[in-house]
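Chain by chain, the residues:
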Amino acid sequence: MLVVEAKFDGEQLATDPVDHTDQPEFATELAWEIDRKALHQHRLQRTPIKLQCFALDPLSSAKETIGYIVLDLRTAQETKQAPKWYQLLSNKYSKFKSEIQISIALETDTKAPVDSFKAKGAPPRDGKVPASLSGLDPKDVVAVLNEEEGYHQIGPAEYCTDYFIMSVTIAFATQLEQLIPCTMKLPERQPEFFFYYSLLGNDVTNEPFNDLINPNFEPERASVRIRSSIEILRVYLALQSKLQIHLCCGDQSLGSTEIPLTGLLKKGGAEINQRPVTVEGAFTLDPPNRAKQKLAPIPVELAPTVGVSVALQREGIDAQSLIELKTQNEHEPQHSKKKVLTPIKEKTLAGPKSPSVSPVPPHNQSPPTKDDATESEVESLQYDKDMKPNPKAVSSSVPASLAQPVTTTNVSETASGQKIAVPATSHHFCFSIDLRSVHDLEVGFPINCILRYSYPFFGSAAPIMTNPPVEVRKNMEVFLPQSYCAFDFATMPHQLQDTFLRIPLLVELWHKDKMSKDLLLGIARIQLSNILSSEKTRFLGSNGEQCWRQTYSESVPVIAAQGSNNRIIDLSYTVTLEDYGLVKMREIFVSDSSQGVSAIEQKPSSLPPAPCPSEIQTEPRETLEYKAALELEMWKEMQEDIFENQLKQKELAHMQALAEEWKKRDRERESLVKKKVAEYTILEGKLQKTLIDLEKREQQLVIAESELQRERKELKSERERNLQELQDSIRRAKEDCVHQVDLERLKIKQLEEEKHRLHQQLNDAENKYKILEKEFQQFKDQQSNKPEIRLQSEINLLTLEKVELERKLESATKSKLHYKQQWGRALKELARLKQREQESQMARLKKQQEELEQMRLRYLAAEEKDTVKTERQELLDIRNELNRLRQQEQKQYQDSREIASGKMDSLHGNALEEGLDDYLTRLIEERDTLMRTGVYNHEDRIISELDRQIREVLAKNSASN
């Protein structure tokens, strides 16, 4: 079967399969529908139309290319043109000039207007006005703002009877850093990012945010009030089928996505009358001009997404929760903003913002000590380690004059611990490793071994060791104590896979000796990526969620740390990876530092009574001046302590701010590095593939070059061999020619000699012949006079006559039998004829008259026969005389043997002629006998056969004469 496929404007069309013959007839029209602008663009770009001809196997559906044709779109005209023959390029049948007759033309598509469409009961198409609104122009379905009433009207006023609320909520965003190309320059100061979209002609933006890696913004909902009807809204949403949302930085768009709105109001659905209809989900943001930027393809798990919910409801129906926000901590209240995009320009908040900074502790609390401040700084800088400082209680004495009249004051403060922001796509993993046993020791002495390893990716850089040491000897397997350890951590799956592929787990083998220092014997490399290819099993978590588990076991060699890379011992281990799904919290507490302030109990002190002048003079320490001075000094020291504590708190706040900024910058650098690493990995893969292709091509070129050199050498040697053979054949041909010429000359010489000798012999033979002829003539004359010779000739003639008579007798016997058979058949035929004669007497009488006429003619023929016989006899006499004279002439030139043979031949010829005459006479007699019976006439088959034989014998007799 033959089929022709044509590709143009991104669409491929094909003809119906036809039989594979010398002159197939497709009779198919392939048409593409495009507008004039696109056609003009294609003509400017000289877009070709490629037609490919395939041979199709109907059994296996395999296609084999026969050839192709490239048509120029500019040759197509609106006027109909005569078809042309186009030759197939890259023709499979190179011996034949295959061609296809094609006609290319442009046709103006004249469609009937929408108003004239009178179909009844047909469902309305997308973007078309339904039959119930046949008088409505789609151009009139636009949103018009009514400032007085505070709504947007869609469609004519007579059709708008219902009120609707349409709202758009931007809930969360992830992986936004993937939208920033490496070549893009952002503002030097802290840039602000925001989402922008247009809702019914109103420009809407959310609150700006600064962190692309962990975008932390409150979900905002923008609502608009609409007056319209369901049918008109369906038409409007079909015309405005997509809502574009852009991520912007200043006036620059970093990426955009499109939310389809056609799913809000489905055809024939009445869901909006009962509850709000929504379109929600996480939509992928695409960078602008991806083709120009030539960005590498991004994996699905790294694709930037934004969570959007679009809701439409009738006014008066309470809206339900439209989207589940997983970006808030479950211990904090969820807040959202609401924008009302109506003429009443209000912005209301559903609740106050949650504070993001802890409040400053009051002055009456004791500040942390120096140790506490130092540990808090270390904790803020090293956020990936779980360090918990020990709070210390610090008490300070308060002067009695400043103390309040309370019996007990118990003040305590709990400072919020450090938090790590977790991306929304992170999973909760649990990785456990069990170093089971060591075996097959190769060194010559027993060892007291412990195993030690560390993997900071799991969240802790502290080494993990087995304990206590175990003694291992040759040819024994020892199970390790306290070798199981499990790590719980949160990360993204692609980051886990990338880390497992890049960084193996190094397990160190140490020898513990009480008398000497610990000795590092060797290191085992455990490739953690092996567990990623193992089989996954499903299990249920503690909360009933679906989780996955992968387990992998293996034995790896421990390679010597120093010297040659010899194997020391084998280590058997089992690793398990459990995936508990997405992390439900965006912030995780790393450490909690609490500061307690001890209770300060102060009793009110009463001032001593004033001394009497008559009393003894008091001590200087008991005077009021001394007490006032002491109280002042104590107040100064307390103020100094308070000021110092405030300075420490400010310093701690600044250190925390610097640590947060450092973390933020570090995360940005890490994300950029990861993005660069991913891009470089893709480029490295492409370069590696290109390098492999180049190496393969180079190998192919080397092989082809060596093959070419070999073939060239073979051709050269074959040419030399052929040249040598040609020269040898020419030399041999020359020698053969010279030899042949010599042989021919020698043959000619011999032939000339033979000719001369034959001439001589011929002359001698002629002379002898003349002499012998004379002698024979004399001998013949002598012999002709002898009676014995005459008698012998007569005997020969009689013998010949006897043989001829015997032959005639035999033929007559056979003829008699034949005639008997014919006679029997004739009798049968006669009986049938008699029966016929009885049935048709009149016909028979007529036949008899005709037979009488024939008999008369036959009688005349018999008379002519007698005359013919007489003339034949005379002719025979004349012929015999001629033969006799001829024989006499022949006797003059033949010898005796030839004379005898001549006589025999002449006698035999006479006998044959006499036999023909007798045969002819017999045939005529038989025919006359049958005719005289009255049963046969000249039209019967047997009479016709006898007449034919008589004519043949007469023809033979006349030919012989």
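To be clear, the structure that these remarks concern was listed above.
Residues numbered from 1 in each chain as written. Predicted model: local features only at pLDDT ≥ 70, side-chain atom pairs only at ≥ 80, totals over all residues. Heavy atoms only, no water.

Attention shifts here to the overall build of the protein. Along its length, the protein carries 10 helices and 33 strands. Within the protein, contacts between residues separated by at least 24 positions form 67% of all contacts whose residues are at least 6 apart in sequence. Within the structure as shown, the protein displays about 66000 Å² of accessible surface, and the carbon and sulfur contribution to it stands at 53%. (Helix = DSSP H or I, 4+ residues; strand = E, 2+ residues; numbered from the N terminus. Contact = heavy atoms within 4.5 Å. Areas by Shrake-Rupley, 256 points an atom, 1.4 Å probe, with all protein chains shown as cover.)

Taken in spatial order, the four strands of this open sheet run β11-β10-β13-β14, and their pairing is antiparallel. One side of each edge strand has no neighbouring strand; the edge strands of this open sheet are β11 (202–205) and β14 (252–260). Neighbour-to-neighbour, the strand axes of the sheet open up by a mean angle of 25 degrees, direction not taken into account. The sheet contact formed by strand β10 (residues 193–199) and β11 spans four bridges and is antiparallel. Among the inter-strand pairings, L199 is bridged to a residue of β11, identified as N202. (Pairing = 2+ DSSP bridges. Axes fitted to C-alpha atoms, helices over the stretch in contact; angles between N-to-C directions.)

A word on the sheet that holds strand β1 (residues 2–8). Strand order in the open sheet formed by four strands is β2-β1-β3-β4, and the pairing between neighbours is antiparallel. Both edges of this open sheet fall to β2 (11–14) and β4 (63–72), since each of them pairs with a single strand only. Along the sheet, successive strands turn relative to each other by an average axial angle of 20 degrees, direction set aside. Summarising the sheet, β1 and strand β3 (residues 48–56) pair through six bridges and their orientation is antiparallel. The residue of β3 that forms the bridge with L2 is A55.

Before going further, it helps to spend a moment on a negative patch on the surface. A cluster of like negative charges, contributed by E633, E637, E640 and D641, occupies part of the molecular surface. Turning to its location among the elements, E637 is positioned in helix α6 (residues 624–784). (Patch = residues over 30% accessible without salt bridge, like charges linked within 9 Å, V, L, I, M, F, W, Y side chains within 5 Å. Salt bridge = Lys/Arg side-chain N within 4 Å of Asp/Glu carboxyl O. Lys, Arg positive; Asp, Glu negative; His and termini not counted. Charge placed at Lys NZ, Arg CZ, Asp CG, Glu CD.)

This paragraph deals with the pattern of salt bridges. Overall, the coordinates contain 36 salt bridges when judged by the stated rule. A salt bridge links R436 to D434, with the nearest nitrogen and oxygen atoms 3.6 Å apart. Salt-bridge contacts for R927 lead to D947; the nearest nitrogen and oxygen are separated by 2.6 Å. Of this pair, R927 sits in helix α9 (residues 896–932) while D947 sits in helix α10 (residues 941–960), and the two are 20 residues apart along the sequence. Classification of R927 by relative accessible area gives buried; the value is 17%. For D947, a relative accessible area of 15% puts it in the buried group. When salt bridges that share partners are traced, they join E442, R567 and D570 into one network. (Buried < 20%, exposed > 50% of the residue type's maximum accessible area, 1.4 Å probe, protein only.)

Attention shifts here to unusual backbone geometry. The omega torsion of the bond from N467 to P468 falls at 0 degrees, within 30 degrees of zero and hence cis. Structurally, the position occupied by P468 is in the loop between β23 (460–465) and β24 (470–472). Backbone geometry places S90, a non-glycine residue, at a positive phi of 50 degrees. Position of S90 among the secondary structure elements: in the loop between β5 (84–87) and β6 (99–102).

Now for the packing of aromatic side chains. In total, this model carries 17 aromatic pairs according to the counting rule given. Taken together, a centroid distance of 6.2 Å and an interplanar angle of 40 degrees make the contact between F193 and F209 tilted. In this pair, F193 sits in strand β10 while F209 sits in the loop between β11 and β12 (220–228), placing the two residues 16 residues apart along the sequence. The exposure classification of F193 matches that of F209, with both residues buried. For the pair F431 and F500, a centre-to-centre distance of 5.6 Å together with 65 degrees between the ring planes defines the contact as edge-to-face. Of this pair, F431 sits in strand β21 (residues 427–439) while F500 sits in helix α5 (residues 493–502), and the two are 69 residues apart along the sequence. (Phe/Tyr/Trp six-rings, centres within 6.5 Å; stacked < 30°, edge-to-face > 60°.)

By the criterion of burial, β1 is predominantly enclosed, with six of the seven residues buried. Of the pairings in the sheet, the one linking β1 to β2 comprises four bridges and is antiparallel in character. Directly across from A6, in β2, lies its bridge partner L13. Hairpin remark: β1 followed by β2, antiparallel, with two residues in the connecting loop; positive phi at D9, about 55 degrees.

Here α10 is 20 residues long and its end C-alpha atoms lie 29 Å apart, about the 28 Å a rise of 1.5 Å per residue gives. Every buried residue of α10 is listed here: I943, L946, D947, I950, V953 and N957. Summarising the axial view, the buried residues of α10 lie within an arc of 125 degrees, below the 170-degree limit, and thus occupy one face. In this structure, α10 carries R941, R951, K956 and A959 as exposed residues pointing more than 90 degrees from its buried face. (Expected span 1.5 Å × (residues − 1). Arc of directions from axis to C-beta.)

A separate point is the pairing of β21. β21 sits mainly inside the fold: 11 of its 13 residues count as buried. Relative to strand β26 (residues 484–491), β21 runs antiparallel, the two sharing eight bridges. Paired with C430 across the strands is D488, a residue of β26. Note that β21 and strand β31 (residues 567–582) share 11 bridges and pair antiparallel. Within β31, the residue paired with D434 across the bridge is T574.

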